[in-house]
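Descriptive structure summary
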Amino acid sequence: MIGFEFSSEQKLIQQSIREFAKKELVPLVRIIDDNQKIPSYIIKKMAELGILVMNFTQDYGGSNADPVFCGIVAQELARWDISCAIFTFFLVECAWGYILEKYGTEKIKNSIVSKVTLDKIFLGIAATKPDAGSDLANIRAVARKLGNKYVILARRHLSAE
């Protein structure tokens, strides 16, 4: 029979994140929701816990966490953060961290990831539009290469579409 119990290491991270969330997030959830901003000291504490871009390898400052570890952390953050701001922030870090790890150049990885893990910069995306929100499939703009630059064009300005 296959066992689906968490390992002792997974249980430890689950307990650590649960304690962090109870102590640090629970008193702030309404404030985070009302202000629509995560206090910088909370993000710094997440960096100290090693959960920012935790799925990156240790070579770049990550924890080399597998999807189960990331899921455990996400579940614990979401359990205590009723606004889901922290949870969503964490998922952006993991999802885009994974893409950066997989497809980013060594130069980019070395210059960005260590700064994210130390809470010096934020890893995220800017993919919202008034008519599409964050639904990437419905964004009505494209990037076209013009010389050595890319220009973002709205669909209404494209003659071929």
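These notes cover the structure that comes with them.

What counts as what
Residues numbered from 1 in each chain as written. Predicted model: local features only at pLDDT ≥ 70, side-chain atom pairs only at ≥ 80, totals over all residues. Heavy atoms only, no water. Helix = DSSP H or I, 4+ residues; strand = E, 2+ residues; numbered from the N terminus. Contact = heavy atoms within 4.5 Å. Patch = residues over 30% accessible without salt bridge, like charges linked within 9 Å, V, L, I, M, F, W, Y side chains within 5 Å. Areas by Shrake-Rupley, 256 points an atom, 1.4 Å probe, with all protein chains shown as cover. Salt bridge = Lys/Arg side-chain N within 4 Å of Asp/Glu carboxyl O. Buried < 20%, exposed > 50% of the residue type's maximum accessible area, 1.4 Å probe, protein only. Axes fitted to C-alpha atoms, helices over the stretch in contact; angles between N-to-C directions. Parallel < 35°, antiparallel > 145°, perpendicular 65-115°, else oblique. Left-handed = near helix turned anticlockwise from the far one by under 90°. Nonpolar A, V, L, I, M, F, W, Y, C, P; charged D, E, K, R; others polar. Expected span 1.5 Å × (residues − 1). Arc of directions from axis to C-beta. 1 Å grid on protein atoms, 1.4 Å probe; cavity = no way out; pocket = protein on both sides within 12 Å on 5 of 7 lines; lining within 4 Å. Points joined across faces, edges and corners; volume = space filled by probe spheres on them.

1. Some remarks on the environment of Tyr60
- Mapping Tyr60 onto the fold places it in the loop between α3 (40–49) and α4 (67–80).
- When the C-alpha atoms of Tyr60 and Glu101 are compared, they prove to be 9.2 Å apart, with 41 residues separating the residues in sequence.
- Ignoring any residue separated from it by four or fewer positions in sequence, one finds Tyr60 in contact with Glu101, Glu106, Lys109, Asn110, Val113, Ser114 and Thr117.

2. Concerning a nonpolar patch on the surface
- On the surface, Tyr98, Ile99 and Tyr103 cluster together into a nonpolar patch covering about 350 Å² of accessible area.
- As for its placement among the helices and strands, Tyr103 is situated in helix α5 (residues 85–103).
- Relative accessible area serves as the criterion here: at 63%, Tyr103 is assigned to the exposed category.

3. Focus: the packing of α3 against α5
- Contact pair α3 / α5: the axes reach a minimum separation of 12 Å and the direction vectors enclose 50°. Classified by the angle their axes make, α3 and α5 are oblique. α3 and α5 meet at a crossing whose hand is right-handed. Within the contact between the two elements, α3 uses Ile42, Ile43 and Met46 and α5 uses Ile86, Phe89 and Phe90.
- Tallied by class, the residues present in the contact of α3 with α5 amount to 6 nonpolar, no polar and no charged.

4. Some thoughts on unusual backbone geometry
- Phi angles above zero are rare outside glycine, and Gln36 is one such case at about 55°.
- Among the structural elements, Gln36 can be located in the loop between α2 (29–35) and α3.
- Phi is positive for Val53, which is not a glycine, with a value near 45°.
- Look at Val53 and you get buried, because its relative accessible area is 0%.

5. A closer look at α5
- Here α5 spans 27 Å end to end across 19 residues, near enough to the 27 Å set by a 1.5 Å rise per residue.
- What α5 keeps buried is the set Ile86, Phe89, Phe90, Glu93, Cys94, Gly97, Leu100 and Glu101. With its buried residues spanning 140° around the axis, α5 presents them on a single face.
- In the core, the buried residues of α5 are packed alongside α1 (8–25), α2, α3, α4 and α6 (106–117).

6. Details of the layout of surface pockets
- Space inside the largest pocket adds up to approximately 180 Å³.
- Considering the residues around the largest pocket, the lining is formed by Glu9, Leu12, Ile13, Leu49, Gly50, Ile51, Met54, Ser63, Asn64, Ala65 and Phe69.
- Of the residues assigned to the lining of the largest pocket, the class counts are 7 nonpolar, 3 polar and 1 charged.
- The volume enclosed by the second largest pocket comes to roughly 150 Å³.
- As for the second largest pocket, its lining consists of Asn55, Ala65, Asp66, Pro67, Cys70, Cys94, Ala95, Tyr98 and Glu101.
- Of all the secondary structure elements, the ones that give two or more residues to the lining of the second largest pocket are α4 and α5.
- No other element matches α5, which puts 4 residues into the lining of the second largest pocket.
- Residue composition of the lining of the second largest pocket, grouped by class: 6 nonpolar, 1 polar and 2 charged.

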